[in-house]
Every structure is written in structure tokens, then in C-alpha cells.
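So you can see what is in the structure, the chains are spelled out below.
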Amino acid sequence: MTLLDSVLDHNKQFVMEKQYERFQTTKFPDKKIVILTCMDTRLLELLPFAMNIKNGDAKLIRNAGAVISHPFGSIMRSILVAIYELGANEVMVVGHHGCGMTGLQPSSILQKSQERGVSLETIDMLEFSGVDVKGFLTGFEKVEENVENSVQMIKRHPLLPKDVSVHGLVICPETGQLDLIINGYEDTNMSMIQNQKV
Ligand SMILES: [Zn+2]
């Protein structure tokens, strides 16, 4: 049986037995938060449990490294949609120790891609067309710095409302322990006070 078949087989039973009933909720996050975190497999269930997030509580966005590569890319759009359309009013960026994006070198992926049939000409052609292939495939040095970058990217976004708090945290993928890197309430209070002065 293929992996796809086993998923589809399980799914038939899941629906037939109405196992979905305990997950039913709405699209509006009860805790009014949007979380950006990493796609790391260890965090799949650990992170929601460690943060006491249940189905219906939060908007959860995951990618490799909890990185925001572009202020007008799909991650930032998802955060804005969660805030304006779905009622989230706090953002938490949660990086983690031992992330695959820490120290990721483009040469590693480029070499593997060639071993799996992507020609050097294709890579050269992309670079010739102005695509920053190496930049696109580069990770970060320190998880704390990446969390801070993502928080700043969100916080300084021209379309973000000023009253939204943006927090930065790092989670341990073994124990689920969270370390606070940026307390977004401090920033939000500061900008509120500055606004009042103006
Ligand atoms: Zn990761």
C-alpha cells in the first residue's frame, strides 16, 4: 500500500466514524493570536501542547525556519489576513533550537539538486535571469536573530495596525520550553505612548 493509499484509507474511516466531531470549531481564533513557527516535525504536536493551543485557538503558519523572506510575500499576507479578516490581535514568532535552517548553505541544496537531475545549466540560467538562487537557499546564523528579524519585519510592516503586539520566542524541540526573546507588549505600549504624545 502506498503512503497516499494509507492516508485515504484512514480518512474514509475517520469521516465514517465521525472522529471529526471533537475538532469542530470556527475559522476565527478564540485566543486571537497568529503564530508563525517552523515546519520542524518535532513541533507538529509538541508546540500546540506546550503553548496550550487547541483546535480553534490560533492561526498557525509554518514554514522552514519561521522566516519571513519578503515583506509582501505569502507569510506576511497570511498574518495580515489573520489580523484584519479573522480577528487576531497578537502575533507570536516561535523559532526553535536545532533548526534545519541554522547554518543552511546553498551549496548543499544545489549539489543535491544536481545529483537528482537538475542541470547546472538550469541553475546558471536562473542566476543569469536575475534570480538570487544562493540567497534564496541560505538559512540563518542564530535562531534568536532570525526571530528578531521576523518580529521586526512584521512590526515595521506599513500595513500592520499599531495596536498589534508582536512577540518573539524560541522553543526547545525536546522539552517544549519557551524562552522569551521579545515581549511585544513593551513595544506596543511604547508606540501607544508615542502616538498619544503626537
Ligand atoms: Zn526549524
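Residues numbered from 1 in each chain as written. Predicted model: local features only at pLDDT ≥ 70, side-chain atom pairs only at ≥ 80, totals over all residues. Heavy atoms only, no water.

(A) The arrangement of the UniProt feature "binding site: Zn(2+)" (unreviewed entry) in the protein in detail. Per the UniProt record, "binding site: Zn(2+)" (unreviewed entry) is annotated on C38, D40, H96 and C99. In sequence the annotated residues extend across 62 residues, while in space they remain close, none of their C-alpha pairs exceeding 8.8 Å. As for its placement among the helices and strands, D40 is situated in the loop between β1 (33-38) and α2 (43-50). With sequence-adjacent residues up to four places away left out, D40 is seen in contact with H96 and G98. For D40, the side chain forms a polar contact with the main-chain nitrogen of R42, separated by 2.8 Å. Looking at the secondary structure, you find H96 in strand β3 (residues 90-96). (UniProt positions renumbered as here; feature names shortened; annotations may be inferred. Helix = DSSP H or I, 4+ residues; strand = E, 2+ residues; numbered from the N terminus. Contact = heavy atoms within 4.5 Å. Polar contact = N/O pair within 3.5 Å; in protein donor to acceptor, adjacent residues only side chain to side chain.)

(B) Here's a closer look at the environment of L160. Relative to the helices and strands, L160 is located in the loop between α7 (143-155) and β4 (165-171). Separated by 77 residues in the primary sequence, L160 and I83 have C-alpha atoms spaced 8.5 Å apart. Aside from chain neighbours lying at most four places away, what touches L160 is M76, L80, I83, Y84, I154, K155 and V166.

(C) Broad picture of the packing of aromatic side chains. Considering all chains together, one arrives at one aromatic pair under this definition. When the centroid spacing of 6.3 Å and the interplanar angle of 35 degrees are considered together, the rings of F14 and F23 count as tilted. By relative accessible area, F14 is classed as partly exposed at 21%. (Phe/Tyr/Trp six-rings, centres within 6.5 Å; stacked < 30°, edge-to-face > 60°. Buried < 20%, exposed > 50% of the residue type's maximum accessible area, 1.4 Å probe, protein only.)

(D) A look at the side chain of S113. Residue position: S113 is located in helix α4 (residues 106-115). One polar contact links the side chain of S113 to the main-chain carbonyl oxygen of L110, over a distance of 2.8 Å. Not counting the four nearest positions on each side in its chain, S113 is found in contact with V118 and I123.

(E) Region of interest: the coordination of the zinc ion. At the metal site, the zinc ion is ligated by C38 (SG), H96 (NE2) and C99 (SG), and these contacts range over 2.0 to 2.3 Å. Between consecutive donors of the zinc ion, the numbers of intervening residues give the motif C-x57-H-x2-C. Here C38 is found in strand β1, whereas its partner C99 is found in the loop between β3 and α4, with 61 residues between them in sequence. Using a relative accessible area of 7% as the deciding quantity, one classes C99 as buried. (Donors = N, O, S within 2.8 Å, 3.2 Å for Na, K, Ca; no water.)

(F) Summary view of the pairing of strand β5 (residues 178-182). In terms of strand pairing, β4 meets β5 through four bridges, oriented antiparallel. Following the sheet pairing, I171 is matched in β5 by L178. Taking the residues between adjacent antiparallel strands as the criterion, β4 and β5 are bridged by six residues, where G176 takes a positive phi near 80 degrees. (Pairing = 2+ DSSP bridges.)

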